[in-house]
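Spelled out, the chains give:
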Amino acid sequence: MMKYFTLLALLAVSYSAQAGCDANGCVGVGKQVVISVFATGIPDGQVYLHAPASKHKLDCKLAEGQYMTLHSTHPLFKEIYSTILMALSSNKRFQIRTKNGSSDCTVSYVRLYVDQ
């Protein structure tokens, strides 16, 4: 019985340890990934995604020092944007992958986890 509780504790710790940002993007639930969503008035229609506290770990330059950028020219813009909004509203775990070395932390893709 003790082994079972130890295993559950280890799984819980590893699951929560994966929250926040690393060099490739951010993963977690809600504010662990995005603090706010800002549909800008910039002519190309980009959306700013306010990065969480662990944003300093990202391997890209954040727009205005705090935003990951989803460009409307991305071929899957609508799908990515709607997935982010759905993940936030349903409190699901998700990942935003950014382009390493990009000048505005360009969003490459989003991944939704349905294991919750």
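Presented here is an overview of the structure given in this document.

Rules behind the numbers
Residues numbered from 1 in each chain as written. Predicted model: local features only at pLDDT ≥ 70, side-chain atom pairs only at ≥ 80, totals over all residues. Heavy atoms only, no water. Core = buried A, V, L, I, M, F, W, Y, C linked by side-chain atoms within 4.5 Å. Buried < 20%, exposed > 50% of the residue type's maximum accessible area, 1.4 Å probe, protein only. Helix = DSSP H or I, 4+ residues; strand = E, 2+ residues; numbered from the N terminus. Contact = heavy atoms within 4.5 Å. Pairing = 2+ DSSP bridges. Axes fitted to C-alpha atoms, helices over the stretch in contact; angles between N-to-C directions.

## Section: the nonpolar core
Of all hydrophobic cores here, the largest spans 21 residues; its most connected members are Leu-49, Leu-58, Met-68, Phe-94 and Ile-96. When contributions to this core are tallied by element, the ones reaching two or more residues are β4 (47–50), β5 (67–70), α2 (77–90), β6 (93–98) and β7 (107–112). The element that contributes the greatest number of residues to this core is α2, accounting for four residues.

## With respect to the environment of Ala-39
Tracing the backbone shows Ala-39 in strand β3 (residues 36–39). Separated by ten residues in sequence, Ala-39 and Leu-49 place their C-alpha atoms 8.7 Å apart. Contacts of Ala-39, omitting those with residues within four sequence positions, involve Gln-46, Val-47 and Tyr-81.

## Topic: the sheet that holds strand β1 (residues 20–22)
Pairing in this open sheet of four strands is antiparallel, and the strands run β1-β2-β6-β7 from one edge to the other. In this open sheet, the two edge strands, each paired with only one partner strand, are β1 and β7. Between one strand axis and the next, the sheet turns by 15 degrees as a mean value, whatever way the strands run. In the sheet, strand β2 (residues 25–29) pairs with β6 via five bridges, with the strands oriented antiparallel. Bridged to Gly-28 within β6 is Phe-94. Where α2 meets the sheet, its contacts fall on β6 and β7, and the angle it forms with β7 comes to roughly 45 degrees.

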